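Spelled out from the first residue to the last, the chains are:
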Amino acid sequence: MIEKGHLTVRQLGSLMFLCTIGEQIIVFPSMITSYAHQDAWLSALLGVAGGAGVLSIMLVVYKLQPRMNLIQHALHTLGPWIGALISCFYLFYFLMGTSAFIREIGDFMTTQILPESPLLIVNLLFVSTLALGLLSGLEPIGRSAEIFLPLIVLFLLILTVCLFPHSHLDNIKPVLAEGFLNPFKGFVAVLTYPYCELCIFLMLFPYAKKEAHWEKDILLAAIIGGLMLTLTLTICLLVMGPFMTQHHWFAAFNLSLKINIGNFLQRIEAFMASVWIIAVFFKSILFFYSFVLGITHLFKLSSYRPLIFPCAMLILAMSIVLAPNENFYLKVVIPYWIDWDLTCGIGIPLLLIMVHKLKTRLRKG
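Residues numbered from 1 in each chain as written. Predicted model: local features only at pLDDT ≥ 70, side-chain atom pairs only at ≥ 80, totals over all residues. Heavy atoms only, no water.

Overview of a nonpolar patch on the surface
Here comes step 1: Among the surface-exposed residues, Leu 120, Ile 121, Leu 124, Leu 125, Met 313, Ile 320 and Val 321 lie close enough to one another that they form a single nonpolar patch of about 620 Å² accessible area.
Here comes step 2: Residue assignment for the nonpolar patch shows that the elements contributing at least two residues are α5 (119-136) and α11 (308-321).
Here comes step 3: For the nonpolar patch, the element with the highest residue contribution is α5, accounting for four residues.
Here comes step 4: Inspection of the secondary structure assignment puts Val 321 in helix α11.
Here comes step 5: Residue Val 321 is classed as exposed on the basis of its relative accessible area, which comes to 58%. (Patch = residues over 30% accessible without salt bridge, like charges linked within 9 Å, V, L, I, M, F, W, Y side chains within 5 Å. Areas by Shrake-Rupley, 256 points an atom, 1.4 Å probe, with all protein chains shown as cover. Salt bridge = Lys/Arg side-chain N within 4 Å of Asp/Glu carboxyl O. Helix = DSSP H or I, 4+ residues; strand = E, 2+ residues; numbered from the N terminus. Buried < 20%, exposed > 50% of the residue type's maximum accessible area, 1.4 Å probe, protein only.)

Okay, here's the thing in structure tokens:
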């Protein structure tokens, strides 16, 4: 086995939670509100329930070949040619996912925190951090997730409690005023971005220690992560209203600017930025890990470590050329990303299940 490290169920659950909120903790309110408007909170709740179903599909895929990761499974089930094609499709998905997350970090830092800093330098610092983290191995990544998880939950709860006095229930009324179509679009977006992207865990499940009730634990972690996103979205709607939430791309960050308790507790937006950067770091490093590990299995290499720095340079370049500016990224890239996520998170896993069952029946026949 190329990967020697192993994750405990607690570490796997921590990574599952952090990847569920990931880059979505800042951009999720604006994205879902652009589809469902004042009913975005309803779309988010339904999306969490649907996300549990998506993760259940992934668990079924894993159980078919519990000793194989996603790339190995595709090669084994679909054969060397079609399996290699599907593997390359996933590898490109992992590459572009990592690049997109780094670009979001770069755009956020250069517009909100460090407006005078070049985008290339900010992206380079983040990519270098990912490469160094990946060199340490899978187990240190899991242990780090355990350490940071309580801090992230604490910061999100502080944000919610401090902003609750500023909320207005009228901002989410009337419910379903425009019918079910817009909430359904929001539901598909919720199903896609936080949950279909969890297909990267099909690259991690074989390296986790299978303790009692581990499946329920990771399902619970994903559901709690989705509920935290729903809570953040709802507080954005209650405080800012659907129009302002939709037109502020970093809505949760802008929301933290409003906190002022007795002219003492204020300007805590740096904590919100820290929460987002930490969550994006773990999601990015797992996509990065899946990319280099998948290349290693596809080309039957002995180790993925020599690939880390060359792939880091490739990811850095892709994060710059991914979009000429932030508006292009928001208006052109993201809408088509939904189809990509649905294909990788639901379509191909269902294909693997069907082909595996068909081959099993043929063997019995």
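A few points about the pattern of salt bridges
Here comes step 1: Counting across every chain of the model gives five salt bridges.
Here comes step 2: A salt bridge links Arg 103 to Asp 107; its shortest N-O distance comes to 3.2 Å. Taken as a pair, Arg 103 and Asp 107 lie in helix α4 (residues 70-113) at a separation of four residues, close to a single helical turn. Asp 107 carries the same exposure label as Arg 103, and that label is buried.
Here comes step 3: A salt bridge links Glu 139 to Arg 143; its shortest N-O distance comes to 3.8 Å.

What about unusual backbone geometry?
Here comes step 1: One non-glycine residue, His 37, lies in the positive phi region at around 55°.
Here comes step 2: On the secondary structure map, His 37 appears in the loop between α2 (24-36) and α3 (40-64).
Here comes step 3: By relative accessible area, which is 23% here, His 37 ends up partly exposed.
Here comes step 4: You will see that Lys 300, though not glycine, has its phi angle at about 55°, which is positive.
Here comes step 5: Relative to the elements of secondary structure, Lys 300 occurs in the loop between α10 (269-298) and α11.

Looking at the side chain of Asn 123
Here comes step 1: For Asn 123, the position within the fold is in helix α5.
Here comes step 2: Accessibility expressed as a relative area gives 0% for Asn 123, which makes it buried.
Here comes step 3: In contact with Asn 123, other than residues within four places in its own chain, are Ile 102, Gly 106, Leu 316, Ser 319 and Ile 320. (Contact = heavy atoms within 4.5 Å.)

With respect to the nonpolar core
Here comes step 1: Ranked by size, the top nonpolar core spans 129 residues in total, and within it Tyr 90, Phe 94, Phe 201, Phe 205 and Phe 288 carry the most contacts.
Here comes step 2: The dominant element in this core, judged by the number of residues it contributes, is α10, at 18 residues.
Here comes step 3: Setting aside its immediate chain neighbours within four residues, Phe 94 contacts Leu 70, Ile 200, Met 203, Phe 287, Ser 290 and Phe 291. (Core = buried A, V, L, I, M, F, W, Y, C linked by side-chain atoms within 4.5 Å.)

Side note on the side chain of Asn 69
Here comes step 1: Residue placement: Asn 69 occurs in the loop between α3 and α4.
Here comes step 2: Relative accessible area serves as the criterion here: at 1%, Asn 69 is assigned to the buried category.
Here comes step 3: Only 3.2 Å separates the side chain of Asn 69 from the backbone nitrogen of Ile 71, close enough to count as a polar contact.
Here comes step 4: Leaving out residues up to four positions away in the same chain, Asn 69 has contacts with Leu 202, Met 203, Pro 206, Tyr 207, Leu 293 and His 297. (Polar contact = N/O pair within 3.5 Å; in protein donor to acceptor, adjacent residues only side chain to side chain.)

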